[in-house]
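Below are the chains, spelled out letter by letter.
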Amino acid sequence: MESIVLHSRKELGRKQVILDCKFNLNLGKEVKKILSVQAKPIITSSACKDGQIVYGGKLEANLLYISQNDEKISLIAVSDFNESFENVDINSNCSPLLKCRLVDITTPSIKSNEVKVACIIDVNALLINKKEIQTNCDCENLVLKNASESICRLLYNVNETAELMHECKVQNSLNQVLNIGLNIAQKNCYCGNGYTVVEAECLMSMAYEDDDKNICTYKESFPFKYEIETRGTSSECLPQLTLNALNYLSKTTVTQEDKGNIIKFEIPIQISGEVYENTEIYFVEDLFSTSHQLQCEEEQFLSISYIENKFFESACKGSVKISENNENIVLLGILAGNCEVTNQFHSGNQLTIEGIVSSTVLYKTIEEKTIDNKFIDESGEELTENNIVTIENINSVIAEFPFSFTIELAVFNELDNINTNCAIIDIDALYKNGEFEIVAKVAFWSLLSSEKQIKLLTNVKKGEKRESKDCAIEIVFAENNQNIWSLCKRFGINKEELMKFNPNLSDEIAQDTQVLIYNKYCK
């Protein structure tokens, strides 16, 4: 009998990791005002070992601040982390799948030459288990009951790095890049002709300083497409991929052309995930021998049976008040920030997703002050002159607000797993009546899957030989829930022999129905 290979996914749980990021300041570059802190975690390695899933990763954080001498300064800090999930039931056929996201960044603590922030990371672990099952039996005269199930089989684990290259033209000449944010939202993901293709929309936001030392912002949306060779895949295969931008200055190449107005970016993108195949498997669910008694061992296996990708978008709004009571507020720009899914659930054919959008708004206040300047005129008399001076202060505020979005799905039958990611693909701010109103467009992509218990025969042993009895025909009364198969198995006869004497029998037999058995091996 041929073997079959099944795959299951088991969620091992979540773990929070707290990392301290330290930014060391150069002498004379002490902090006057912090404008923004952004961070991006990523898993770099994972393995199963001695009942554990061990994993490692990096956290890159970007600090944008104004120094005491009014310089705009951007710093990078990198923290490594190594953690594990303990007491995991694993074997040589298991492979871990880990994803991480930034949950929170604490308020920075500032010392004379150091800024420290604590970043809280949420790590979610899944275990992909591959199991090969084969039934061996050397019995004669076997009668098999075949079954079939629609399941998903894991074909490929994907882990690649691609270079995203893009150029943009800014209005002002660029003196230095202060902050780069890149949000990547999947728009489509499919297989065909031996390749897996992922299509996405990217939103790049940038804060930079021009030649006049002013802070400027720039944002732009553009498409991204990447092909991965996955031999043997067809349009029937279903990929689940995650794209992460290693997008801070330590990983980004920036070149300038045309007097500094044309900026070219090369940003590494990590592409990871799996490619599944929807397939129909056939296996032996039950069997018996017409010549021997059989001892059969069964095993229940929880297998992935349904999987589908869904892509959709939604707009959400929020606002944030500022402390300054000043009509002369100038919006400098808004950094793309992050959005995270905090909860998801389904009811009937409706899927509801809840989460939080956070972003940093950069702005400046303009004030006019009268300064009295005293001087001595030619006659030696002391005079006072009133001068009006314009003072500009650069500030920032974090805008954070919740969203809730519900969609209807055509197929939504008893889903067991919902894995949703999201990204901001457009965001704008407007200052009005002492607060900034924020409008964000968020893209979602969800993997919907269900699981199915499959009963399989894993071991069959030949028992005693059936002994012949004198009786040739026996009248039996059907028991509750008996069918043609169970009667054949009980008396060790083929279906053809049973139907020869009982041509009117249907598959479901009513209790106490009289059945004629021509029985060579009566039990």
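Our structure's up above, just so we're on the same page.
Residues numbered from 1 in each chain as written. Predicted model: local features only at pLDDT ≥ 70, side-chain atom pairs only at ≥ 80, totals over all residues. Heavy atoms only, no water.

Chemist: How would you explain the pairing of strand S17 (residues 350-376) if you had to name every residue and give the values?
Modeler: Alignment of strand S16 (residues 329-347) against S17, held across 15 bridges, turns out to be antiparallel. For Val330, the partnering residue across the bridge sits in S17 and is Lys364. Where S17 and strand S18 (residues 382-408) come together, 27 bridges link them in antiparallel fashion. The residue bridging Leu362 from the neighbouring strand is Ser396, located in S18. If you look at the hairpin formed by S17 and S18, you'll find 5 residues sitting between the two strands, and Gly380 has a positive phi there, around 90°. (Pairing = 2+ DSSP bridges. Helix = DSSP H or I, 4+ residues; strand = E, 2+ residues; numbered from the N terminus.)

Chemist: Explain a nonpolar patch on the surface to me, using residue names and the numbers behind them.
Modeler: There is a patch of nonpolar side chains on the surface, built from Ile473, Ile475, Phe477, Phe501, Leu516 and Tyr518 and spanning about 560 Å² of accessible area. The set of elements that each furnish at least two residues to the nonpolar patch consists of strand S21 (473-477) and strand S22 (514-518). At 3 residues, S21 tops the list of elements feeding residues into the nonpolar patch. (Patch = residues over 30% accessible without salt bridge, like charges linked within 9 Å, V, L, I, M, F, W, Y side chains within 5 Å. Areas by Shrake-Rupley, 256 points an atom, 1.4 Å probe, with all protein chains shown as cover. Salt bridge = Lys/Arg side-chain N within 4 Å of Asp/Glu carboxyl O.)

Chemist: How would you explain empty space enclosed by the protein if you had to name every residue and give the values?
Modeler: Overall, the coordinates contain 2 cavities of 30 Å³ or more when judged by the stated rule. Quantified by volume, the largest cavity comes out at close to 90 Å³. Contributing to the lining of the largest cavity are 15 residues, with Gln186, Gln240, Leu241, Asn309 and Trp445 lying nearest its centre. Counting residues per element, the ones that place at least two in the lining of the largest cavity are strand S9 (174-192), strand S12 (237-245), strand S15 (292-321), strand S19 (417-432) and strand S20 (435-465). (1 Å grid on protein atoms, 1.4 Å probe; cavity = no way out; pocket = protein on both sides within 12 Å on 5 of 7 lines; lining within 4 Å. Points joined across faces, edges and corners; volume = space filled by probe spheres on them.)

Chemist: Just give me the short version of the packing of aromatic side chains, but keep the residues and values in it.
Modeler: Evaluated as defined, the whole model comprises 9 aromatic pairs. When the ring of Phe288 is compared with that of Trp485, the centres are 5.5 Å apart and the planes differ by 65°; the resulting orientation is edge-to-face. With a gap of 197 residues between them, Phe288 in strand S14 (residues 262-289) and Trp485 in helix H1 (residues 484-491) connect regions that are remote in the sequence. Relative to Phe444, the ring of Phe403 lies with its centre 5.6 Å away and its plane at 65°, an arrangement referred to as edge-to-face. Here the residue Phe403 occupies a position in strand S18, and Phe444 occupies one in strand S20, the gap between them amounting to 41 residues. Residue class for Phe403 comes out buried when judged on its relative accessible area of 8%. You can call Phe444 buried: its relative accessible area is 1%. (Phe/Tyr/Trp six-rings, centres within 6.5 Å; stacked < 30°, edge-to-face > 60°. Buried < 20%, exposed > 50% of the residue type's maximum accessible area, 1.4 Å probe, protein only.)

Chemist: How would you summarise the layout of surface pockets if you had to cite specific residues and measurements?
Modeler: A volume near 330 Å³ is recorded for the second largest pocket. Ranked by residues supplied to the lining of the second largest pocket, first place goes to S18 with 3 residues. Of the residues in the lining of the second largest pocket, the class split is 4 nonpolar, 2 polar and 8 charged. (Nonpolar A, V, L, I, M, F, W, Y, C, P; charged D, E, K, R; others polar.)

Chemist: Mind laying out the sheet that holds strand S2 (residues 31-49), listing which residues take part and the relevant values?
Modeler: Within the open sheet, the 3 strands sit side by side as S2-S3-S4. Their pairing is antiparallel. Across the chains shown, the open sheet's two edge strands, defined by having one partner strand only, are S2 and strand S4 (72-85). In this sheet, neighbouring strand axes are inclined to one another by 15° on average, regardless of whether the strands run parallel or antiparallel. Where strand S3 (residues 52-67) lies against S4, 14 bridges are found, and the strand directions are antiparallel. Note that in S4 the partner of Ala61 across the bridge is Ala77. (Axes fitted to C-alpha atoms, helices over the stretch in contact; angles between N-to-C directions.)

Chemist: Describe the pattern of salt bridges, and please don't skip the residues or the numbers.
Modeler: If you walk through the whole model with that rule in mind, you get 15 salt bridges. Where Glu167 meets Lys264, a salt bridge forms, and the shortest distance between an N and an O atom there is 4.0 Å. Remark: Lys264 occurs in strand S14 and Glu167 occurs in strand S8 (residues 142-169); sequence separation between them is 97 residues. With a shortest N-O distance of 1.9 Å, Lys187 and Glu313 are connected by a salt bridge. In this pair, Lys187 is assigned in strand S9 and Glu313 in strand S15, connecting sequence segments 126 residues apart. The partly exposed category is assigned to Lys187, whose relative accessible area is 31%. The network of salt bridges with shared partners includes Arg14, Arg101, Asp122 and Glu340.

Chemist: Please set out H1 residue by residue, giving values where relevant.
Modeler: Residues three or four positions apart in an α-helix share a direction because the helix packs 3.6 residues into each turn. Those residues of H1 not exposed but buried are Ile484, Trp485, Leu487, Cys488 and Phe491. Buried residues in H1, looked at end-on, bunch into an arc of 165°, giving them a common side. Looking at the packing, one finds that the buried side of H1 touches S8, S14, S21, helix H2 (495-501) and S22. Between the side-chain oxygen of the N-cap and the backbone nitrogen of Trp485 there are 3.1 Å, and the N-cap of H1 in question is Asn483. (Arc of directions from axis to C-beta. Contact = heavy atoms within 4.5 Å. Polar contact = N/O pair within 3.5 Å; in protein donor to acceptor, adjacent residues only side chain to side chain.)

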